[in-house]
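A look at the structure
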Amino acid sequence: MSFLDPLEMGLGTWAWGKGQVWGFGKDYGTEDLRKAFRTAIDNGVHLIDTAEVYGNGQSESFVGEFLKEKPGEKIYVATKFAPNPNRFSTSRLLKALKASLSRLGLKSVDLYQMHWWSPPRSIKAWMEPMAEAVKEGLAKEIGVSNYTLNQMRRAQDCLATYGVSLASNQMQYSLVRRKFEFNGLLEECKKTNVRFIAYSPLGMGMLSGKYSPQNPPSGPRRLFYFGQLGRVQKLGEKIKEMGAAHGKTVNQVALNWVLCKGALPIPGGKTAEQVKENAGAMGWRLTEGEVIKLDEASKGFKG
Ligand SMILES: NC(=O)c1ccc[n+]([C@@H]2O[C@H](COP(=O)([O-])OP(=O)(O)OC[C@H]3O[C@@H](n4cnc5c(N)ncnc54)[C@H](OP(=O)(O)O)[C@@H]3O)[C@@H](O)[C@H]2O)c1
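Below or above, wherever it landed, is the structure these notes cover. (Residues numbered from 1 in each chain as written. Predicted model: local features only at pLDDT ≥ 70, side-chain atom pairs only at ≥ 80, totals over all residues.)

So, on to helix 1 (residues 30-42). Here helix 1 contains 13 residues, and its C-alpha end-to-end distance of 18 Å stays within 8% of the 18 Å for a straight helix at 1.5 Å per residue. All buried positions along helix 1 are accounted for by Leu33, Ala36, Phe37, Thr39 and Ala40. One side of helix 1 carries all its buried residues, which in axial view fall inside an arc of 165°. (Helix = DSSP H or I, 4+ residues; strand = E, 2+ residues; numbered from the N terminus. Expected span 1.5 Å × (residues − 1). Buried ≥ 20, exposed ≤ 12 C-beta atoms within 10 Å, placed from the backbone. Arc of directions from axis to C-beta.)

Okay, here's the thing in structure tokens:
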């Protein structure tokens, strides 16, 4: 039994801090993030997902600062190790984890995830210090991210030799990125009790309905969804109609579809308003027929 099992949703914090993609310091600032964090906890979102690379450590520092302002609340923290090629020695993992814990102000993290698979080190070489992190009490559970089916199986086998179970695999998954439904990864996660955590569950905000070919997002996000905004907009209209029947918004329906697929979405939020709206995706479900209709409407987004 993992602490992740009963959770419906988490809060993503990639945008919390300086970086190329999100515009921290221009469109939103520290006070917005503080309110977003509090709103998440007050609205039943108790998992915070961060990473050492987000804002170059700033995201973890914000989470650490905000955690202190909510004493006594059960808040689960997940962070990630970046296996950069220049990290030749696997002893760097425990060092990086200790640095993350220091920014977070914690003695141990609930979930420590390998952010991506990266040569030259093998999966086995990284899973050894991951298991060590559990033994030393620095991490309660271990996850991976951006691991294919075969890579995930290897990670599971390696961890098993140390008596540790793989708790999660975090992958990009939404109505506009459905690949893992079709290549067997989502199914395998369910079969082997690995929680499938869905990152970018709102298509990096494209599913919110506010972007269109005439009004694309600024920065690199424009490139990630280049040429697809017209199709996303049409899909958004269908989602909106469906949401009206439930008194729910487009974002809430898009996130609920992820929940209906058995995944754990971690939408990013920059403001209290966004976080509150997204929390409204919990506690109810689309009907089976509605899920089928959305599957049909989004079948062009298999990549
Ligand atoms: N493991 C990995 O490799 C990996 C990769 C990416 C992300 N992640 C994790 O997954 C989390 C979520 O993914 P993501 O942030 O890329 O994408 P996302 O959750 O699909 O989209 C988040 C963005 O959508 C917009 N948004 C969110 N809620 C909204 C609302 N209610 N109304 C209107 N707009 C709303 C906001 O941006 P705007 O307001 O600017 O539109 C927000 O920053 C990340 O924060 C991170 O924790 C992990």
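Now that the structure has been shown, we can carry on.
Turning our attention to the sheet that holds strand 1 (residues 11-12). Sheet architecture is open: 8 strands sit in the order 1-2-3-4-5-6-7-8, paired in parallel fashion. Across the chains shown, the open sheet's two edge strands, defined by having one partner strand only, are strand 1 and strand 8 (264-265). One ladder, built from 2 bridges, connects strand 7 (residues 195-199) with strand 8; its direction is parallel. Bridged to Ile197 within strand 8 is Leu264. (Pairing = 2+ DSSP bridges.)

Remark: a regular strand shows side chains that alternate across the two faces of the sheet. The buried fraction of strand 4 (residues 109-114) is high, at 6 of 6 residues. In the sheet, strand 3 (residues 76-81) pairs with strand 4 via 4 bridges, with the strands oriented parallel. Bridging from a neighbouring strand, Thr79 pairs with Tyr112 of strand 4. As a crossover connection, the stretch from strand 3 through helix 3 (residues 91-104) into strand 4 is right-handed. Sheet topology places strand 4 next to strand 5 (residues 139-145); 5 bridges connect them, and they run parallel. If you follow Gln113 over to strand 5, its bridge partner there is Gly143. For the handedness criterion, the β-α-β arrangement of strand 4, helix 4 (residues 123-135) and strand 5 is classed as right-handed. (Right-handed = clockwise from strand over helix to strand, strands pointing away.)

Within the secondary structure, Arg195 sits in strand 7. What makes Arg195 buried here is the crowd of 22 C-beta atoms within 10 Å. Separated by 80 residues in sequence, Arg195 and His115 place their C-alpha atoms 15 Å apart. When near neighbours in sequence (up to four residues on either side) are disregarded, Arg195 contacts Ser2, Leu4, Ala167, Ser168 and Leu264. (Contact = placed C-beta atoms within 7 Å.)

Gly12, Tyr199, Leu202, Gly205 and Gly268 are the nearest of the 28 residues found near the ligand. Among the elements that line the shell around the ligand, the one with the most residues is helix 11 (residues 272-279), at 3 residues. For the shell around the ligand, the per-class residue count stands at 9 nonpolar, 15 polar and 4 charged. (Near = placed C-beta within 6 Å. Nonpolar A, V, L, I, M, F, W, Y, C, P; charged D, E, K, R; others polar.)

Glancing now at unusual backbone geometry. Cis geometry marks the peptide bond from Pro119 to Pro120; its omega dihedral reads 10°. As for its placement among the helices and strands, Pro120 is situated in the loop between strand 4 and helix 4. In this structure, Asn146 takes a positive phi of about 60° despite not being glycine. Structurally, the position occupied by Asn146 is in the loop between strand 5 and helix 5 (149-160). For Asn193, which is not glycine, the phi torsion reads 60° and is therefore positive. Examined against the element boundaries, Asn193 turns out to sit in the loop between helix 7 (185-191) and strand 7.

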